[in-house]
Amino acid sequence: MGIKELIRTELQELFKGCEGNRIPEEGALKGCAGLEIYDSPLIGFADAADPLFEEFKKKEIIGEPYRSPKEWLPGAETVISIFLPYTEQVRKSNRGNPERTSNGWLHARVEGHELLNAYIKKVVGYFKDKSLDCIAPLLDPGFKVQFHEGTHHGAEGISAASSWSERHAAYVCGLGTFSLTRSLITKKGAAGRYGSVIIGAKYDPDERTYTGLYDHCIRCGACISRCPVNAISLERGKNQKKCFEWVEKHTKVEFAPRYGCGKCQTGVPCEAGIP
């Protein structure tokens, strides 16, 4: 077994050892006791010096305040991206009424995010235990998000730009390409959550089986009708601010203390695979 295969296996085993992937009976929303949130993670490797990371600084892609791997970690050699795909149980629960988020998705969005953060902390510890420098940008105090209006990825509208993008890191690591909704379509689909670490050790990058940002998206438009606030169009892509405000100002009120939507990632051809 090669070193990358060993790391993948050990990181997958590390995930299996994390508590919280099943919703306990106490505090579970209706029908969600015992719900499993994530399937086994997909893991990809990229060279921290890949020129794509510098390309993302362009205004029309991410722009400010994006920082490259070596700006996060001066001795950066490798970026490892991790995709945690939602289980069939979670995805199926959210395929119905586009006006209402399912209980399963609400748990996956909130408890699932907490589990993701806990897992990524363990991944950082895994590499630090090997005496390697390692950082997870998403968990760092330097991580921030800004909204911009203009052209992004070829689509007009309002987009969120962050100092690190988990989906763009996953793209460089060979895990998948973007969709009309700016989700990433992997071989296990678009429904799930991403995390990544930057480490000071060099491993061979994974080969990307695509060349374009949207190679996996067939532009079928199924996600357009799934959006409860009409934030998606074939011409303009996704208005991320409109989406963000729906989640923050509506679902956080309706479903407090939980929140979430995810309708554009379920009930569509890219839900659980590449169309």
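Keep in mind that this is a model prediction, so the values were computed, not measured.

(A) Spotlight on the sheet that holds strand β1 (residues 42-47). What the 4 strands build is an open sheet, ordered β1-β2-β8-β3; its pairing is antiparallel. Pairing within the sheet leaves two strands with one partner each, and these edge strands are β1 and β3 (134-135). Note that β3 and strand β8 (residues 192-199) share 2 bridges and pair antiparallel. Bridge pairing in β8 places Ile135 opposite Ile198. Where helix α1 (residues 3-16) meets the sheet, its contacts fall on β1 and β2 (78-85), and the angle it forms with β1 comes to roughly 135°. Seen against the sheet, helix α5 (residues 103-128) touches β2, β3 and β8 and runs at an angle of roughly 20° to β8.

(B) Looking closely at the layout of surface pockets. If you add up the space inside the second largest pocket, you get close to 250 Å³. The set of elements that each furnish at least two residues to the lining of the second largest pocket consists of α1 and β1. Of the residues forming the lining of the second largest pocket, the biggest block, 3 residues, is contributed by β1.

(C) Structural detail: the side chain of Asp50. Summarising the element assignment, Asp50 is placed in the loop between β1 and α2 (51-55). Polar side-chain contacts of Asp50 include one of 3.1 Å to the side chain of Arg208. Beyond its immediate stretch of four places on either side in the chain, Asp50 contacts Val172 and Arg208.

(D) The arrangement of empty space enclosed by the protein in detail. Per the stated rule, a full pass over the model turns up 2 cavities of 30 Å³ or more. Size it by volume and the largest cavity reaches roughly 120 Å³. Lining of the largest cavity is provided by 16 residues; of these, Ser179, Cys217, Cys220, Cys223 and Cys270 occupy positions nearest its centre. Residues that form the lining of the largest cavity fall into these classes: 12 nonpolar, 3 polar and 1 charged. Every residue along the wall of the second largest cavity is listed here: Pro98, Glu99, Arg100, Thr101, Pro228, Trp246, Thr251, Glu254, Phe255 and Cys261. Classifying every residue of the lining of the second largest cavity gives 5 nonpolar, 2 polar and 3 charged.

(E) Geometry of a nonpolar patch on the surface. Residues Met1, Ile3 and Leu6 make up a contiguous nonpolar surface patch of about 330 Å² in total accessible area. Within the secondary structure layout, Ile3 lies in helix α1. Under the relative-accessibility criterion, Ile3 is labelled partly exposed at 48%.

(F) Inspection of the pairing of β1 at higher detail. Of all the 6 residues making up β1, 5 are buried; the element is thus mostly covered by neighbouring parts of the structure. Sheet topology places β1 next to β2; 6 bridges connect them, and they run antiparallel. Note that in β2 the partner of Ile43 across the bridge is Ile82.

(G) Molecular detail of the packing of aromatic side chains. Inspection of every chain in the model, using the stated rule, returns 13 aromatic pairs. Between Phe15 and Tyr38, the aromatic rings sit 6.3 Å apart at their centres with planes inclined by 65°, giving edge-to-face as the arrangement. With Phe15 in helix α1 and Tyr38 in the loop between α1 and β1, this residue pair connects regions lying 23 residues apart in the sequence. Grouping residues by exposure puts Phe15 and Tyr38 together as buried. Between Tyr171 and Tyr210 the ring centres are 5.0 Å apart and the planes differ by 40°, which places this aromatic pair in the tilted class. Placement of Tyr171 in helix α6 (residues 166-172) and of Tyr210 in the loop between β8 and α7 (222-226) is noted, with a sequence separation of 39 residues between them. In this structure Tyr171 comes out as buried when scored by relative accessible area, which is 4%. Look at Tyr210 and you get buried, because its relative accessible area is 7%.

Cut-offs and rules
In this convention, every chain numbers its residues from 1, walking through the sequence in written order. In keeping with the predicted nature of the model, local features appear solely for residues at pLDDT of at least 70, side-chain atom pairs appear and are counted solely at 80 or more, and the whole-chain, interface and lining totals rest on all residues. Based on all heavy atoms of the structure, the side-chain values leave hydrogens and waters out of the count. Think of it this way: DSSP has to see at least two bridges between two strands before they count as a pair. Segments assigned H or I by DSSP are reported as helices when at least four residues long, segments assigned E as strands when at least two residues long, and all are numbered from the N terminus. Pairs of residues are marked as contacts when any of their non-hydrogen atoms sit within 4.5 Å. Interaxial angles span 0 to 180 degrees and are taken between N-to-C directions of axes, which are lines fitted to C-alpha atoms, for helices over the stretch in contact. Cavities and pockets were defined on a 1 Å grid built from protein atoms only: a cavity is a group of points that admits a 1.4 Å probe but offers it no way out, a pocket is an open group of points flanked by protein on both sides within 12 Å along at least five of seven lines, and a lining residue is one with an atom within 4 Å of any such point. Grid points are joined across faces, edges and corners, and a volume is the space filled by probe spheres set on the points. Polar contacts, as counted here, are pairs of nitrogen or oxygen atoms within 3.5 Å of one another; within protein the pair requires one atom able to donate a hydrogen and one able to accept it, and residues that are adjacent in sequence qualify only if both atoms are side-chain atoms. Charged means Asp, Glu, Lys or Arg here, nonpolar means Ala, Val, Leu, Ile, Met, Phe, Trp, Tyr, Cys or Pro, and polar covers whatever is left, Gly included. Two joining distances apply to patches: 9 Å for like charges and 5 Å for nonpolar side chains (Val, Leu, Ile, Met, Phe, Trp, Tyr), and every residue must have over 30% relative accessible area and no salt bridge. The protein chains shown are the only cover counted for residues, whose accessible areas, like all others here, come from Shrake-Rupley with a 1.4 Å probe. Each reported salt bridge corresponds to a side-chain nitrogen of Lys or Arg within 4 Å of a carboxyl oxygen of Asp or Glu. Classification of residues uses two cut-offs on accessible area relative to the type maximum, computed with a 1.4 Å probe and protein chains only: under 20% is buried, over 50% is exposed, and between them is partly exposed. Aromatic contacts are taken between Phe, Tyr and Trp rings whose centres are within 6.5 Å, Trp giving its six-membered ring; a plane angle under 30 degrees counts as stacked, one over 60 as edge-to-face, and the others as tilted.

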